[in-house]
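# Results of the structural survey
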Amino acid sequence: MKMQLALHFLAVAMNAAIVVSCPIVGTNRDPPNDAIHQGIVGATTTTNLRHRRLAPLSKEDIDAIVNHRRRALGETECLTEATYDGIADDLQDVSDALPDNQARGHFFGGILRLAAHDFMDFDISNVTDPMGMDGCIDFDHQANAGLPEDIWCEGCDLRTIFESNYASIMSRADFWVAAANAAILITSGGDLDLKDTFAFGRVDADICVDSATRLPQDTSCTFVEDVFLNRMNVSWTDAVALIGAHTLGRGSVNFSGHEGIWVDDVDRTAVFDKRFYEEMLRRAWIPRNLDDNGLPQDWTWGNNNNGNPRFMLNTDMCLLFDIDTERSPDNAVFPCCSRNDLLLGNGNNQCDRNVDGFNAPDGFENVVCNSYATGDTRTAASDAIRLFSGIREDGSFTNTGNAINNQDWFAAFRTAWEKATKN
């Protein structure tokens, strides 16, 4: 069972059991017992990596970032605030060297996904092997596709930065959380700083058999409930807050099978704000890939959007609408359109258009998705969606560009993130 850690001012030196004074530390427990942290030459953490899709920085660029941090860190073996802040500086340098916001959104979104796929395998009821934030992911499992190719491969920018400058100071698990915190800090424009939620001292696991089978499938809220509420022991509000991180990055048909972005345009995929929740309420979402075309069913609206179709997963839409007809046959509706009061420029209803090769059924505008019935426990999820979106009584939204208008989501995310990353 992982320890619940808190920031204080004691540390264990990584190469000896000597207590020294270090500003950011969790416990006086032994250092991580894996090959990298015991200084074994040639240690590695992943095998059978698939072909990557995100081009790394040039050798000159990544060497400059690594060498600058190495000089700044000197010979320290403590996790100081300067070291913690240095991770954000390094990731900012990577971001500055990337060609556009699509690449930045992909990079930062991947970092958040790396941390989330580590902590989402936590099971509070499993006393012998609870897993959780332990620096261990089954990179060969399809549920984690994309991570070993783009984020944590030999030569990937994030892993190079870790192994060059931080592996002697912190575990992979600690680094993944700190890197995710840095990604959020950068993409929120500095408005969400999670440093005070960070704890040092997580111990990496060498193996995590079947960890990927504990991750939520993307088909219904039954899996959201099982993973977040039952195993991770968080609330519906917590779950909705964490899932809002979908606002960063994109889905890829090459990995998950889901192609597109969760927000309106590519530039916004590099911005950590409440737009994900707004999009759920703003648009006329209809199911995509209901036919047997080999792609997983999800939701979309609009056109191809220059190769960046907008989409939502079933596990997104079910947070707001009752679409599980097996669970609640008297109330749930599927397939359906999320709202039928929006018209195209030609006057046709947006629910009745062809989208990405899928022909909407006749009369689709008359088949509207239902909200959850009064008394359904999942109304807590839909209430959170509306709260975080900033929707007003007249249906308009508070401005996403103002930190004050993101505060409901940011506050809830801070609470949920601390719970999830300290399991």
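Note that this is a predicted model, so its numbers are computed, not measured.

### Things to note about the environment of Ser338
Tracing the chain through its elements places Ser338 in the loop between helix H10 (314-317) and helix H11 (379-389). Here Ser338 is in contact with Arg283, Ala284, Trp285, Met317, Phe321, Val368 and Cys369, once residues within four sequence places are set aside. Separated by 2.8 Å, the side chain of Ser338 and the backbone oxygen of Arg283 make a polar contact. Within polar-contact distance, the side chain of Ser338 engages the backbone nitrogen of Trp285 at 2.7 Å.

### Re the layout of surface pockets
Taken as a whole, the largest pocket spans an internal volume of roughly 1,100 Å³. Taken together, 44 residues make up the lining of the largest pocket; nearest its centre are Arg113, His117, Ala143, His246 and Leu313. When residues of the lining of the largest pocket are traced back to their parent elements, those giving at least two are helix H3 (101-119), helix H4 (147-150), helix H7 (221-231), helix H8 (236-243), strand E3 (250-251), H10 and helix H12 (407-421). It is H3 that contributes the most residues to the lining of the largest pocket, nine residues altogether. Looking at the lining of the largest pocket residue by residue, the class counts come to 23 nonpolar, 16 polar and five charged.

### A short note on the pattern of salt bridges
Throughout the structure, instances matching the rule amount to 22 salt bridges. The salt bridge involving Asp174 is made with Arg202; its shortest N-O contact spans 2.7 Å. Of this pair, Asp174 sits in helix H6 (residues 172-187) while Arg202 sits in the loop between H6 and H7, placing them 28 residues apart in sequence. Since its relative accessible area comes to 1%, Asp174 is described here as buried. Residue Arg202 is classed as buried on the basis of its relative accessible area of 5%. The partner of Arg339 in a salt bridge is Asp341, with the nearest N and O atoms 2.8 Å apart.

### Remarks on the nonpolar core
Residues Leu91, Phe175, Phe228, Phe272 and Phe413 are the most contacted members of the largest nonpolar core, which totals 96 residues. The biggest single contributor to this core is H6, with eleven residues.

### Thoughts on the packing of H3 against H6
It is the contact of H3 with H6, at a shortest axis distance of 9 Å, that shows an interaxial angle of 140 degrees. The orientation of H3 with respect to H6, classified from their angle, is oblique. In the packing of H3 onto H6, the handedness of the crossing is left-handed. Taking contact as the criterion, the partners of Phe108, Ile111, Leu112, Leu114, Ala115 and Asp118 in H3 are, on H6, Ala173, Trp176, Ala179, Ala180, Ala183, Ile184, Ile186 and Thr187. For the contact of H3 with H6, the class distribution of residues is twelve nonpolar, one polar and one charged.

### Remarks on unusual backbone geometry
Negative phi values dominate among residues other than glycine, just as trans dominates among peptide bonds. A cis amide bond links Phe334 with the next residue in sequence, Pro335, at an omega value of 0 degrees. Tracing the chain through its elements places Pro335 in the loop between H10 and H11. With a phi angle near 65 degrees, Asp210 is a residue other than glycine that sits in the positive phi range. Assignment of secondary structure puts Asp210 in the loop between H6 and H7. On the accessibility criterion, Asp210 (48% relative accessible area) is partly exposed. The phi dihedral of Asn305 is positive, around 55 degrees, even though this residue is not glycine.

Each value, and the rule that gives it
- Residues numbered from 1 in each chain as written.
- Predicted model: local features only at pLDDT ≥ 70, side-chain atom pairs only at ≥ 80, totals over all residues.
- Heavy atoms only, no water.
- Helix = DSSP H or I, 4+ residues; strand = E, 2+ residues; numbered from the N terminus.
- Contact = heavy atoms within 4.5 Å.
- Polar contact = N/O pair within 3.5 Å; in protein donor to acceptor, adjacent residues only side chain to side chain.
- 1 Å grid on protein atoms, 1.4 Å probe; cavity = no way out; pocket = protein on both sides within 12 Å on 5 of 7 lines; lining within 4 Å.
- Points joined across faces, edges and corners; volume = space filled by probe spheres on them.
- Nonpolar A, V, L, I, M, F, W, Y, C, P; charged D, E, K, R; others polar.
- Salt bridge = Lys/Arg side-chain N within 4 Å of Asp/Glu carboxyl O.
- Buried < 20%, exposed > 50% of the residue type's maximum accessible area, 1.4 Å probe, protein only.
- Core = buried A, V, L, I, M, F, W, Y, C linked by side-chain atoms within 4.5 Å.
- Axes fitted to C-alpha atoms, helices over the stretch in contact; angles between N-to-C directions.
- Parallel < 35°, antiparallel > 145°, perpendicular 65-115°, else oblique.
- Left-handed = near helix turned anticlockwise from the far one by under 90°.

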